[in-house]
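Close look at the chain arrangement
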Amino acid sequence: MNLTPAEIVRELDKHIIGQESAKKAVAVALRNRYRRKRLPAALAREIVPRNILMIGPTGVGKTEIARRLARLAGAPFLKVEATKFTEVGYVGRDVDSIVRDLAEASYQMVLQELKAKVAERATAQAEEQLSALLRVSAFDIRSGRFDDQLVEIEVDEESQLPFMGVLGGGDQMQGLGNMLKGLLPQRRVRRRMRVKEALEVLKNQEAERLVDKEEATQEGLRRAQEDGIVFIDEIDKVARKQGSVGGPDVSGEGVQRDLLPVVEGTVVSTRLGPVSTEHVLFIAAGAFHVSKPSDLIPELQGRFPIRVELSSLGAEEFERILTEPESSLLKQYTELLKADGTEIHFTPEAVRAIAQYAHAANRDLEDIGARRLSTVLERVLEEVSFQTDLGKVEITKEYVEARLASVVASPDLSRYIL
Ligand SMILES: Nc1ncnc2c1ncn2[C@@H]1O[C@H](COP(=O)(O)OP(=O)(O)OP(=O)(O)O)[C@@H](O)[C@H]1O
């Protein structure tokens, strides 16, 4: 993956509308990693990432840019909220958990890749096991003819939920869950389930056995350290100037002091082994409505030398966000309903109307950025979504207005619905 900064921006353009300077900054940061790796080792060690501070209101694409960048680079990614941490010695999460969770995310990423490589073999073995159990041919299993039949299989306790890592909570909960999984001794239990499910469970179990865990650990460690990207949201909330009121940490300065070594480069021991944060890229973000970046402690300011501002979004950007990204909201809804025999089509005027309503709601209620589009769209499509097999349905400006008029007329109603 040796994309030039311009190519990286072009990739990001497929998902994020506007916010050019932020895209450019992250593109350069990513390219710098590639540049560094081409230098002699002694020199490369000296060059630390120049971290980025994103300044902009909520819902304008800060997280999305960082997440997309990570995906593009195949880099392990972790999002944390600065406000979730508390000074060492007080109740709350300690900052070292950032590194442990990043390592865990990295390990899981590698594990999934390794599993994908052995998927074919794992499937064949799972089919064989089931065919032996049911005394039918593997072909019969594959045909799906026995999908609904019940079968009892022996499973590793943790293999029962092959998708737990995907579904479980936020990034942090996922890290925690995985960590627990790693610590618990494996138990074998007998479970009755439908053949179709058994196949999935056994596939996953075989894949787990086939992959080289040590390889996953080593590669996971390497990626966390060399490619890891940590997004620290709400940094502005811990950047208040020293408050006048007492209490343990009114200003958030303690959290900043704790974050500092992690950002500067430290070694944290994790389940996988020691992880150095020296080359991890940190992207901090905040609205900075009240506090200013200059309210951060000087050492931390120095560690985030690249400052980019993201602008708040207006009706025109909303219109583009609705339609242009590769998996835009309108495309998502269209595909979703198509699965149920309803083909919706939005007229350009309808799209504009939705964008304008969203913009107005942000202005009148609270500016939540592009997130507003989801609530408005949900309301517009409420009735259509409730039904199935409607065939072709055209969503016109008049329809949008009819759906939203009553809500918009009542400020109280708006607050709940939009
Ligand atoms: N410029 C944009 N282009 C496309 N989609 C956007 C844009 N801005 C926001 N979105 C969408 O809006 C949602 C919220 O955006 P995001 O998570 O990036 O907010 P944020 O700026 O990080 O705010 P917060 O700090 O509150 O998390 C995401 O689903 C994202 O895809």
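Since the structure is predicted, the reported quantities are computational estimates derived from the model, not experimental observations. (Residues numbered from 1 in each chain as written. Predicted model: local features only at pLDDT ≥ 70, side-chain atom pairs only at ≥ 80, totals over all residues. Heavy atoms only, no water.)

**Some points on the overall build of the protein chain**
To be explicit about the condition: Counting from the N terminus, the helices are the DSSP runs of H or I reaching at least four residues and the strands are the DSSP runs of E reaching at least two. Whether a residue is buried, partly exposed or exposed follows from its accessible area with a 1.4 Å probe, protein chains only, as a fraction of its type maximum: under 20%, in between, or over 50%, in that order. Contact between two residues is taken to exist if any of their heavy atoms lie within 4.5 Å; hydrogens are not considered. Accessible areas in this description were obtained via Shrake-Rupley with a 1.4 Å probe; residue shielding takes into account the shown protein chains only.
Each helix and strand counted, the protein chain has 20 helices and 11 strands in total. When the 418 residues of the protein chain are sorted by exposure, 44% land in the buried category. Sequence separation of 24 or more characterises 77% of the internal contacts of the protein chain that already satisfy a separation of 6 or more. Of the accessible surface of the protein chain, which amounts to about 21400 Å², a share of 52% is contributed by carbon and sulfur atoms.

**Observations concerning the nonpolar core**
Selection criterion: Put simply, a nonpolar core is a bunch of buried Ala, Val, Leu, Ile, Met, Phe, Trp, Tyr and Cys residues held in one set by side-chain atoms that sit within 4.5 Å of each other.
Of all hydrophobic cores here, the largest spans 59 residues; its most connected members are Met-54 and Ile-395. Apart from residues no more than four positions distant in its own chain, Met-54 is found in contact with Ala-22, Val-26, Lys-62, Ile-65, Phe-231, Ile-283, Ala-284, Ala-285, Gly-286, Val-308 and Leu-310. Counting residues in each nonpolar core, the second largest holds 43 residues, with Val-211, Leu-221, Ala-224 and Val-238 among its members.

**Examining the pattern of salt bridges**
The following threshold applies: Salt bridges are counted wherever a side-chain nitrogen of Lys or Arg sits within 4 Å of a carboxyl oxygen of Asp or Glu.
What the rule picks out here adds up to 37 salt bridges. Two residues, Asp-140 and Arg-145, come together in a salt bridge whose shortest N-O distance is 3.1 Å. On the accessibility criterion, Asp-140 (14% relative accessible area) is buried. Judged by its relative accessible area of 59%, Arg-145 falls in the exposed class. A salt bridge links Arg-190 to Glu-154; its shortest N-O distance comes to 3.6 Å. Of this pair, Arg-190 sits in strand E4 (residues 188-194) while Glu-154 sits in strand E3 (residues 150-156), and the two are 36 residues apart along the sequence. Taken together, the salt bridges that share partners define one network made up of Glu-152, Glu-154, Asp-156, Arg-188, Arg-190, Glu-206 and Arg-209.

**Observations concerning the sheet that holds strand E1 (residues 52-55)**
Operational definition: Paired strands, as defined in this entry, are two strands with at least two bridges between them according to DSSP. To obtain an axis, a line is fitted to C-alpha atoms, over the contacting stretch when the element is a helix, and the angle between two such axes runs from 0 to 180 degrees between their N-to-C directions.
Spatially, E2-E5-E8-E1-E9 is the arrangement adopted by the 5 strands of the open sheet, whose pairing is parallel. The open sheet terminates on both sides in strands that have one partner only, identified here as strand E2 (77-81) and strand E9 (306-309). The mean angle between the axes of side-by-side strands here comes to 20°, regardless of whether they run parallel or antiparallel.

**Quick word on the site of the ligand**
Worth spelling out the cut-off: Nearness here has a simple test: a residue counts as near a molecule or strand if at least one of its heavy atoms is within 4 Å of that partner. For this analysis, a polar contact is any N or O atom pair within 3.5 Å, provided that within protein one partner can donate a hydrogen and the other can accept it, and provided that sequence-adjacent residues contribute only side-chain to side-chain pairs. We call Asp, Glu, Lys and Arg charged. Ala, Val, Leu, Ile, Met, Phe, Trp, Tyr, Cys and Pro are nonpolar, and the rest, Gly among them, are polar. A domain assignment, automatic or from a database, supplies the domain bounds used here.
The full set close to the ligand counts 17 residues, and Ile-17, Thr-58, Gly-59, Val-60 and Thr-63 are the nearest of them. Measuring from an oxygen atom of the ligand, one finds a side-chain N or O atom of Thr-58 at 2.4 Å. Within the complex, 82% of the 620 Å² of free accessible area of the ligand lies under protein. Of all the elements, helix H4 (residues 62-73) adds the most residues to the shell around the ligand, at 3 residues. Its residues placed into classes, the shell around the ligand shows 7 nonpolar, 5 polar and 5 charged. Residue-level mapping places the shell around the ligand at the junction of two domains, with at least three residues from each of domain 1 (5-107 + 223-309) and domain 3 (315-404).

**A look at the UniProt feature "domain: Clp ATPase C-terminal" (unreviewed entry) in the protein chain**
To be explicit about the condition: UniProt positions are given in the numbering used here, feature names are shortened, and annotations may be inferred rather than shown by experiment.
With numbering matched to this structure, UniProt assigns "domain: Clp ATPase C-terminal" (unreviewed entry) to residues 313-404. A distance of 21 Å separates the end C-alpha atoms of residues 313-404, which is 64% helix and 11% strand.

**Comments concerning the side chain of Thr-347**
Within the secondary structure, Thr-347 sits in the loop between strand E10 (342-346) and helix H16 (348-364). Residues contacting Thr-347, with those up to four places away along its chain left out, are Glu-394, Ile-395, Thr-396 and Lys-397.

**Looking at a nonpolar patch on the surface**
Which entries qualify depends on this criterion: Residues enter patches when they are more than 30% accessible in relative terms and free of salt bridges; like-charged ones are connected within 9 Å and nonpolar ones (Val, Leu, Ile, Met, Phe, Trp, Tyr) within 5 Å.
A cluster of nonpolar side chains, contributed by Leu-39, Leu-43 and Ile-47, occupies part of the molecular surface with about 220 Å² of accessible area. With respect to the helices, strands and loops of the structure, Leu-43 is situated in helix H3 (residues 41-46).

**Concerning the packing of aromatic side chains**
Here is the rule: Stacked, tilted and edge-to-face pairs are distinguished by plane angle, under 30 degrees for stacked and over 60 for edge-to-face with tilted covering the rest, among Phe, Tyr and Trp rings (Trp via its six-membered ring) whose centres lie within 6.5 Å. Only when the NZ atom of a Lys or the CZ atom of an Arg is both within 6 Å of the ring centre and within 35 degrees of the ring normal do we say a charge sits over the ring.
Under the defined criterion, the tally for this structure stands at 0 aromatic pairs. The ring of Tyr-107 has Arg-271 lying over it, and the distance from NZ or CZ to the ring centre is 5.2 Å.

**Concerning the side chain of Lys-62**
Heads up, the condition is: Working convention for charge: Lys and Arg count positive, Asp and Glu count negative, and His plus the chain ends are omitted.
For Lys-62, the position within the fold is in helix H4. Buried charge without a partner: Lys-62 forms no salt bridge, and the closest opposite charge is Asp-233, 5.4 Å away. Apart from residues lying up to four places away in sequence, Lys-62 is in contact with Met-54, Gly-56, Pro-57, Phe-231, Ala-285, Gly-286 and Leu-310.

**Section: the confidence of the model for the protein chain**
Close inspection of predicted coordinates is inappropriate in any region flagged by low pLDDT. Threshold: Across the chain, each position has a pLDDT score giving the predictor's confidence in that residue, from 0 to 100.
Averaged over all residues, the pLDDT of the protein chain is 88; the fraction at 70 or higher stands at 88%. Note on residues 159-172: pLDDT is under 50 here. Beyond four places in sequence and across chains, it has 19 contacts.

**Remarks on the pairing of strand E5 (residues 229-233)**
Along any regular strand the residues' side chains alternate between the sheet's two faces. In terms of burial, E5 is largely enclosed, as 5 of its 5 residues are buried. Along E5, one buried face is formed by Ile-229, Phe-231 and Asp-233 and the opposite face, lined by Val-230 and Ile-232, is buried too. Judged from the 5 bridges that link them, E2 and E5 form a sheet pairing that is parallel. By the bridge assignment for E5, Leu-78 is matched with Val-230.

**Thoughts on the packing of H16 against helix H19 (residues 397-409)**
Our working definition: To sort the angles, those under 35 degrees are grouped as roughly parallel, those over 145 as roughly antiparallel, those from 65 to 115 as roughly perpendicular, and the leftovers as oblique.
Running from N to C, H16 and H19 cross one another at 20°; their axes reach a closest spacing of 8 Å. Viewed along their axes, H16 and H19 adopt a mutual orientation that is roughly parallel. Note on element contacts: H19 touches H16 through Lys-397, Val-400, Glu-401, Leu-404 and Val-408, opposite Glu-349, Ala-350, Ala-353, Ile-354 and Tyr-357. Residues of the contact of H16 with H19, tallied by class, amount to 7 nonpolar, no polar and 3 charged.

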